[in-house]
Amino acid sequence: MKRIFSGMQPTNRLTLGNYLGALKNWVKMQDEADTQCIYCVVDLHAITVSQDTAGIKTATREVAAAYIAAGVDPKKSIIFAQSAVTAHSQLGWILGCMTPLGWLNRMTQFKDKAGKDKEKASLGLYGYPALMAADILLYQTTHVPVGDDQKQHVELTRDIATSFNIHIAKKDFFTIPEPVIMGDATRVMSLRDGTAKMSKSAESDMSRINLTDDADLIVQKIKKAKTDAGVVPSNEGEYEGRPEAKNLITIYAALADTSKEKVMGEYGGQQFSAFKNALSDLCVDKLSPMTTRMRELMADVGEIDRILADSADKAAAIAEPVMSDVMDVMGFWKRP
Ligand code: AQP
């Protein structure tokens, strides 16, 4: 049986990037035969950069609501908050103690997220990959769907698991997970800068489309999206060196479930204003059912909490026996 584990940070509301790059594929995976999907809201990871103690609970519920609104079915998949299963922190610490600094020093995400002043970055941000390894290994995960940017962390997870199996457990204890690089996953770029990833925590709200944006705001954001002085490209060669043009075509193709070539065949040579109108219509058409469902879900927080609680029980039922075995392997005293 395949067991899939993946997660998103409740650092803000989810964006079109999160949807097209990950969520859309998560929904497909839950219908694959002999597959159990575990989709986590990784709130412990969210506090590695800043601690929004007033907003994280709502953000966690909103991310869970977005998963469900996008099509993740809580009857088929486990949707839970990472902090609700304490074994994540426990195993994260243990694995952190056996992860050499040399391995962590190679992680490019730390370099990106710590920015120029690394002295101000937290120990948590540095140790993020050890906690991510714990998230994955606790469930004896077989496959981890990730974007290209996260592949390095899954490789590190494999190294940590292999080292634990050889040197500590002296047997095949942890399943060695395979990264599933989502080949058809779309990399959505910022609407203000075609060379930067669309990111939910980027400073400018105009740089992204949030899954909660209403139709007027979507239209406004796409209208103001940066383009260049040319017309819509007609082929791949014409969008090289034009990241903003390429991004809008990529978004259109992903939303319409078609190829970029087909989109360029239809709109190539036209003014961007006409193409942006078509893109806005498509975006509103595809996102509004999701936005409506999210609003309904968020209007009944009790129901979201029931789903999160029920799923946390299911997650804990898998994680706790693994954690108990880790305690034995580590030689820790356990309550008799
Ligand atoms: N722009 C994007 N295009 C394609 N995929 C994306 N993902 C994120 N942004 C894009 C995918 O969404 C998943 C969730 O990732 P995360 O919440 O762990 O954090 P992230 O990758 O760092 O995403 P953000 O939105 O940029 O969050 P912040 O601003 O908090 O850092 C991942 O599978 C990711 O590939």
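Details of the structure are given in the entry above.
Cut-off values and rules
- Residues numbered from 1 in each chain as written.
- Predicted model: local features only at pLDDT ≥ 70, side-chain atom pairs only at ≥ 80, totals over all residues.
- Heavy atoms only, no water.
- Core = buried A, V, L, I, M, F, W, Y, C linked by side-chain atoms within 4.5 Å.
- Buried < 20%, exposed > 50% of the residue type's maximum accessible area, 1.4 Å probe, protein only.
- Helix = DSSP H or I, 4+ residues; strand = E, 2+ residues; numbered from the N terminus.
- Domains from an automatic or database assignment.
- Contact = heavy atoms within 4.5 Å.
- Polar contact = N/O pair within 3.5 Å; in protein donor to acceptor, adjacent residues only side chain to side chain.
- Pairing = 2+ DSSP bridges.
- Near = heavy atom within 4 Å.
- Nonpolar A, V, L, I, M, F, W, Y, C, P; charged D, E, K, R; others polar.

## Here's the deal with the nonpolar core
Item 1. L16, L23, Y67, L211 and F275 are the most contacted members of the largest nonpolar core, which totals 60 residues.
Item 2. Top element by residues in this core is helix α13 (residues 272–299). It accounts for 11 residues.
Item 3. Residue assignment places this core across two domains, with domain 1 (2–181 + 300–330) and domain 2 (205–296) each supplying three or more.
Item 4. Setting aside its immediate chain neighbours within four residues, L211 contacts L14, T15, L16, Y19, L23, A66, L287, M290, T291 and M294.
Item 5. Counting residues in each nonpolar core, the second largest holds 44 residues, with L91, A114, A133 and A161 among its members.

## Quick look at the environment of R192
Item 1. Considering the arrangement of structural elements, one finds R192 in the loop between β5 (178–181) and α9 (215–223).
Item 2. Between the alpha carbons of R192 and I222 there is a distance of 10.0 Å; along the sequence they are 30 residues apart.
Item 3. Once residues lying within four places of it in the same chain are set aside, the contact partners of R192 are S204, M206, S207, K224, A225 and K226.
Item 4. Among the polar contacts listed, one links the side chain of R192 to the backbone oxygen of K224, at a separation of 2.5 Å.

## As for the side chain of S77
Item 1. Locating S77 in the fold gives a position in the loop between α3 (56–70) and β3 (78–81).
Item 2. The exposure class assigned to S77 is buried, which follows from its relative accessible area of 1%.
Item 3. Within the structure, S77 has its side chain in polar contact with the side chain of Q30 (distance 2.8 Å).
Item 4. Sequence-distant contacts of S77, defined by excluding residues within four places in its chain, comprise Q30, C37, Y39, V72 and S311.

## Looking at the pairing of β3
Item 1. Residues I78 and F80 line one face of β3 and the alternating positions I79 and A81 line the opposite face, and both faces are buried.
Item 2. Of the pairings in the sheet, the one linking strand β2 (residues 35–41) to β3 comprises 4 bridges and is parallel in character. From the neighbouring strand, V41 faces β3, where its bridge partner is A81.

## As for the site of the ligand
Item 1. In the vicinity of the ligand lie 18 residues, with T11, V188, S199, K200 and S201 positioned nearest.
Item 2. Measuring from a nitrogen atom of the ligand, one finds a backbone N or O atom of G17 at 3.3 Å.
Item 3. N18 is positioned such that a nitrogen or oxygen atom in its side chain is 3.1 Å from an oxygen atom of the ligand.
Item 4. Considering each element in turn, the shell around the ligand owes the most residues, 4 residues, to helix α1 (residues 16–29).
Item 5. Partitioning the shell around the ligand into residue classes produces 4 nonpolar, 9 polar and 5 charged.

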